[in-house]
Amino acid sequence: LMESQVPPPGQPMRSEATSGGGVPDARYETSTIRTAAPSNREGATYAAAPPPNKPKPKAKASSAVKARPEDAIKHKPAVHPPLKKSKAIRKNAKITVTKQKVEPGRLFLRVPLEEDRDMEVGDFRVSVKLSLVDPETVERVAKKLESANKNKKNQQQIDKMNIEAPKITLANIVVVHLPTLQVVWSSEPGVNFVGGAGMLVSQSSDTPCQEHFLWHANIQTIDVINHGKSDVIIRGHLSKGIYNGELHKKSPRYALILRKHPVHSQCLNLSLQIESEDNKGEANQSHFISSNTTANDVFMGFGHRLSTPNAKGMEVRVSNSSKKGKHGYASKEMQEGGAGNLVVPHFVTTNGASFFLTTSEPSVFDLRHDDWFSVRVQSSVLKGTWIAANSALEAMSIHASLQGRVKKMPMWTQRNGAMLGLSGGTFTVRRIHKALRERGCPISGVVISDWTGIKPKANRMWYNWVLERELYPNWKHLVDDLENSGINVGLYVNPCIDEIPPHLRSGRRYIFGEAEDNGYFIKDPNTKQVYNFGTESAHCGVVDMTNQDAVNWFKETIIQNEMLGRAGASFWMADTNFDAPIGAKYKCDPDGGRGLSVVNRFPQDFAKVNRDAIRDAGREGDSFFFASSGFSETAQLVATSLSDRVSNLHAKSDGGMMAALNGIINGGVSGFALGHCAVSMAVPEKLGKGISSRSRDMICRWLEMMAFTSLFRTHDGEGVVKTAYEDGFVLDQLTRWSKVYKALASYRQNLLSEASFQGWPVVRHPVLHYPTDKHFLEEGTSAFMLGTSMYVAPVMEPGVTTARVYLPPGSWGHMWTGLTRTVKTGDYFDVPAPIGEPPVFYSIHCPHMNNLVWVLQEEGVIVTKNREKKKSKMLSNPFQKKDKLRAF
């Protein structure tokens, strides 16, 4: 903490006196580290490595954020309890999860610096700054220690403290983007800004992934600073503790590299590598800490799974895991999120700062603290990129240019109407199609998910990827009739393959046997057999996407031959409805143990297989697919969707609509600009009771909201007996909103172009266009924008006829009445919102809106009434005179 306290490398560190009363300071304990922002932490227990019997001294909680000079003088090294690795930890899945968190430690400067070290890297300035503590404070604390340690035994240690020197030097790092003067990374003086840990991740077939920390290394030294033409390299050690005046013998080394980005001047690459002294890479977790945040900052992003538009105050664990999966590694915030399996280690703040990781291992973004945050990766190597932009939209555009922009969907998906999810056989598909055709419902496509047949007792389709002609007789005639009506046929596929029982194999192609014989499945590292993702009675394997031979076989045999060829599909949903096991054996990892690097990339690799199949078949521009899982670079491969789950319309007041909307918004921030969510037509009631008024209302409200996204799609729930397709009122509303979606095609095409060229999402949180509006910063998601010219405030509760809506500044027109209002400052309005007419407003200055209103009038969606032509008299404060609020 001070130069006189920590000698240069090679010389032992001095041992200091105990703090008053001779009690050793426990801030350097492995399991108890003093924090800058105190939090409630529970202890941890280990089955294989129990804690020592001797109780550990507890550190006193403090609300101080910055390192204090008193701490530097009274420091006493703590005793380090031994924690040994054991093979039992890797195999035993019942170990209690540790509650230790990444928290600030201490920073020691061992390189001689007389003044601040400023180094330029491209358009960034990297500074190692020095802070001198007030000499009067040093003298006051020294006298306090002298009076508390008057016995002769401690006098010799007091003499070694060299307290006469009135300088205590605290170091910290600051990274600034010079053109905008934006601070992208900073740390507190005297507090470490990088750290590491040793940990294990365990899992079993019935236990989710768990972290087990063996030790933390949060005591950092700066030993060497090198400045080149395009980078800055800082080297040093990360210690578990200080013992007998020296760093721990097995303190790992680190190298922090800040390098100029080769493409974009507003980006700075960060690389942190940690290795032990014997180069065996003992540390397998790396992290950095930044104090460049305040309590009012808004963190958006992290993919489709976040349950709120602002992740501030959360610990976000980024790892692909299905919501009910047993192999994954996800936090509560992700489990209760937008029901999508797409996660991205990337955030954007409203002031334009952004950071994303380029490593694929699971990571944790700890944003729970007001004045600092940390990012850790389950690997000894952490790589990422800082982005310095003037606005969130600019940061998103830069991120998309580096990670890959989305591809446009075919024009027929935008101009032809809704995309329906149907199942149940040829007769059911024809019956529902006829009912909607008689109502004049525009339909662009039909997704038939159970085209491979229904698995007995499992209540789901067979994962055999061969057309089931018993359930779908006269399949070719069905496809031809739909295509003659301008309706494309879509299917469903995932990388799982079921083992068909022998008595059902007659007349079917045995896909499972082909894959097993050629070694295309993920293997169990213990049994060397196919990793079973099913149950004992139903074996199911997953094709290894790290095996190039398996990839080529899946692409040619299943997608090109069976789906595009024999089934005649034009598009499909490519799902990854399982969690890639961390402990499995992959082709890229024949010895096992490196599953952490596969778990996030697996759905992205599967998306690439589907994209390559379309390209190799010559169907680019005509065929497409969408997926509910992915990772950082999936956006350039596929249009993304939240998972097709059956919404529990009675579980929450909003039936899950808010979670879905937040998932779409956060996915758009993370580069997935074409995010959407299918409307679940499944009815929760049992057959015979019909559809309740609440279910009917909520399904209609879902239809209203999703008509203003990039793809208007429904699904009927796999294995569900009763659906809303049986209800005439719901079909009328589906027809109505399909017409609205179709009428928006020309306006939406401009938004798709923005998504392809600038990386901006189609559906946006209003804070992206109104970054200083306190309502959007504080109230969360009560509305969203379709581009810049349409403002939608969806109704998310049943039985609502009037909604209180906040309108931001602008000149707005009401979609259903044509009445207009210029709002100078944001204000609230009570707006009529019956089913079929949710609060939707458009900018009167947008040329597309006049055409939109005219088309909807021609279609009978907007009904003009004979009324006196008056100027709108919308009240500026509706809370005072609600009875006169009739402009809307």
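Each chain has its residues counted from 1, following the order in which its sequence is written. This being a predicted model, a pLDDT of at least 70 is required before a residue's local features are given, and a value of 80 or more before pairs of side-chain atoms are given or counted; all residues contribute to the totals for chains, interfaces and linings. By convention in this description, side-chain values take in all heavy atoms of the structure and omit both hydrogens and water.

> Any chance you could explain the overall build of the protein here in plain terms?
Note on conventions: DSSP H or I runs of at least 4 residues are helices, E runs of at least 2 residues are strands, and numbering of each starts at the N terminus. Broken down by element type, the protein carries 18 helices and 43 strands. When each of the 888 residues of the protein is scored for burial, the buried share is 59%. Counting only contacts in the protein whose residues sit at least 6 apart along the sequence, the fraction spanning at least 24 positions is 73%. Reported accessibility uses the Shrake-Rupley method at a 1.4 Å probe radius. Residues are deemed covered only where the shown protein chains occlude them. Total accessible area on the protein is roughly 36100 Å²; 48% of this is exposed by carbon and sulfur atoms. Here's how the labels work: a residue is buried when its accessible area is under 20% of the maximum for its type, exposed when over 50%, partly exposed in between, all with a 1.4 Å probe on protein chains only. We call two residues in contact when some of their heavy atoms are within 4.5 Å.

> Is there a simple way to think about helix α18 (residues 847-858) in this case?
An α-helical turn contains 3.6 residues, so any two residues separated by three or four positions project in the same direction. M849, L852, V853 and L856 are the residues of α18 that are buried. For α18, the arc enclosing every buried residue in end-on projection is 95 degrees, short of the 170-degree limit, so these residues lie on one face. Turned more than 90 degrees off the buried face of α18, the exposed positions are P847, N850 and E858. Positive backbone phi, at 80 degrees, marks G860, one or two positions downstream of α18. The directions from the helix axis to the C-beta atoms form the arc being described.

> For this particular structure, what's the right way to read the environment of L214?
With respect to the secondary-structure elements, L214 resides in strand β7 (residues 207-217). Sequence separation between L214 and A197 is 17 residues; the distance between their C-alpha atoms is 7.4 Å.

> Would you explain the nonpolar core in this entry?
General note: in soluble globular proteins, nonpolar side chains tend to be found buried as a group. Remark: nonpolar core denotes a set of buried residues (Ala, Val, Leu, Ile, Met, Phe, Trp, Tyr, Cys) joined through side-chain atoms within 4.5 Å. Counting 139 residues, the largest nonpolar core has W475, F708 and M790 as the members making the most contacts within it. Top contributing element to this core by residue count: helix α11 (residues 548-566), with 8 residues. Excluding residues within four positions of it along the chain, W475 makes contact with I448, W451, L467, R469, V489, L491 and A567. M119, A217, L268 and L270 belong to the second-largest nonpolar core, a separate cluster that totals 53 residues.

> Teacher, can you tell me more about the pattern of salt bridges here?
A pair can form between side chains of opposite charge whenever their charged atoms are brought close. Any Lys or Arg side-chain nitrogen found within 4 Å of a carboxyl oxygen on Asp or Glu counts as a salt bridge. One pass over the full model with this rule turns up 26 salt bridges. Between D612 and R615 there is a salt bridge, and its shortest N-O distance comes to 3.4 Å. Of this pair, D612 and R615 both sit in helix α12 (residues 601-616), 3 residues apart, which is roughly one turn of the helix. A relative accessible area of 47% places R615 in the partly exposed class. Among the charged side chains, a network of salt bridges with common partners joins K555, K608, D612, R615 and D616.

> Honestly, the packing of helix α13 (residues 657-669) against helix α14 (residues 693-706) in this entry has me stumped. Any pointers?
Between two packed helices, both the angle of their axes relative to each other and the distance between the axes serve to describe the pair. Convention adopted: a line fitted to C-alpha atoms gives each axis, helices being fitted over their contacting stretch, and angles between N-to-C directions are expressed from 0 to 180 degrees. In the contact formed by α13 and α14, the axes pass within 11 Å of each other and the chain directions differ by 15 degrees. The angle between α13 and α14 places the two elements in the roughly parallel class. Crossing geometry of α13 relative to α14 is assigned as right-handed. Here M657, A660, L661 and I664 of α13 come into contact with α14, specifically with M698, R701, W702, M705 and M706. Each residue belonging to the contact of α13 with α14 can be placed in one class, and the counts come to 8 nonpolar, no polar and 1 charged. Working definition: roughly parallel below 35 degrees, roughly antiparallel above 145 degrees, roughly perpendicular at 65 to 115 degrees, and oblique for all remaining angles. Whether a crossing is left-handed or right-handed is set by the direction in which the near helix is turned from the far one by less than a right angle, anticlockwise for left-handed and clockwise for right-handed. Residue classes follow a fixed rule: Ala, Val, Leu, Ile, Met, Phe, Trp, Tyr, Cys and Pro count as nonpolar, while Asp, Glu, Lys and Arg count as charged, and any other residue, Gly among them, counts as polar.

> So what exactly am I meant to see when it comes to the state of the cysteines here?
Here is the idea: a disulfide is a covalent bond, and it sits between the sulfur atoms of two cysteines. Cysteine sulfur atoms that pair up within 2.5 Å are treated as a disulfide. The tally for this structure, following the rule as stated, stands at 0 disulfides. C496 supplies the cysteine sulfur nearest to C540, a cysteine that is in no disulfide, at a spacing of 4.5 Å. Look at C540 and you get buried, because its relative accessible area is 5%.

> Which parts of the structure should I look at to understand unusual backbone geometry?
Note: most peptide bonds trans; most residues except glycine with negative phi. Residues other than glycine seldom take positive phi values, yet W465 does so here, at roughly 60 degrees. Considering the arrangement of structural elements, one finds W465 in the loop between β26 (460-461) and α9 (475-484). By relative accessible area, which is 0% here, W465 ends up buried. If you check the backbone angles, N474 has positive phi at about 55 degrees while not being a glycine. Look at N474 and you get exposed, because its relative accessible area is 53%.

> Help me understand the sheet that holds strand β38 (residues 790-792) in this model?
The pairing of strands in a sheet happens through backbone hydrogen bonds and is either parallel or antiparallel. When DSSP finds two or more bridges between two strands, those strands count as paired. Read across the open sheet, the 6 strands follow the order β36-β37-β38-β43-β40-β41; overall the sheet is antiparallel. Since the sheet does not close on itself, it has two edges, and those belong to β36 (763-764) and β41 (820-823), each with one partner. Relative to strand β43 (residues 840-843), strand β40 (residues 810-814) runs antiparallel, the two being bridged by 3 bridges. Counterpart to W812 in the pairing with β43 is S843.

> Would you explain the packing of aromatic side chains in this entry?
Pairs of aromatic rings are described using the distance from one ring centre to the other and the angle between the two planes. Only Phe, Tyr and Trp rings are paired, with Trp represented by its six-membered ring, and only when their centres lie within 6.5 Å; those with planes under 30 degrees apart are stacked, over 60 edge-to-face, the remainder tilted. Taken as a whole and assessed by the stated rule, the structure comprises 32 aromatic pairs. Here the aromatic rings of F302 and F365 are separated by 5.1 Å at their centres, their planes lie at 70 degrees, and the arrangement is edge-to-face. Here the residue F302 occupies a position in strand β16 (residues 299-303), and F365 occupies one in strand β20 (residues 363-366), the gap between them amounting to 63 residues. Grouping residues by exposure puts F302 and F365 together as buried. Here the aromatic rings of F347 and F373 are separated by 5.8 Å at their centres, their planes lie at 85 degrees, and the arrangement is edge-to-face. A residue pair is termed long-range when its members are at least 10 positions apart, and F347 in strand β18 (residues 341-349) and F373 in strand β21 (residues 373-377) qualify at 26 residues. Accessibility assignment for this pair places F347 and F373 in one class, buried. Among the aromatic residues, ring-to-ring pairing joins W185, F193, F288, F355 and W386 into one connected group. Lysine and arginine charges are scored as sitting over a ring when NZ or CZ, respectively, is within 6 Å of the ring centre and within 35 degrees of the ring normal. The cationic tip of R748 hangs over the ring face of Y741; the distance from NZ or CZ to the ring centre is 3.7 Å.

> I tried to follow the packing of helix α8 (residues 426-438) against α9 on my own but got confused; where do I start?
One way to put it is that α8 packs onto α9 with a least axis distance of 11 Å and a crossing angle of 15 degrees. The orientation of α8 relative to α9 falls into the category roughly parallel. Where α8 crosses over α9, the handedness of that crossing is left-handed. On α9, the residues that touch T426, V429, R430 and H433 of α8 are H477, L478, D481 and L482. Classifying every residue of the contact of α8 with α9 by side-chain character gives 3 nonpolar, 3 polar and 2 charged.

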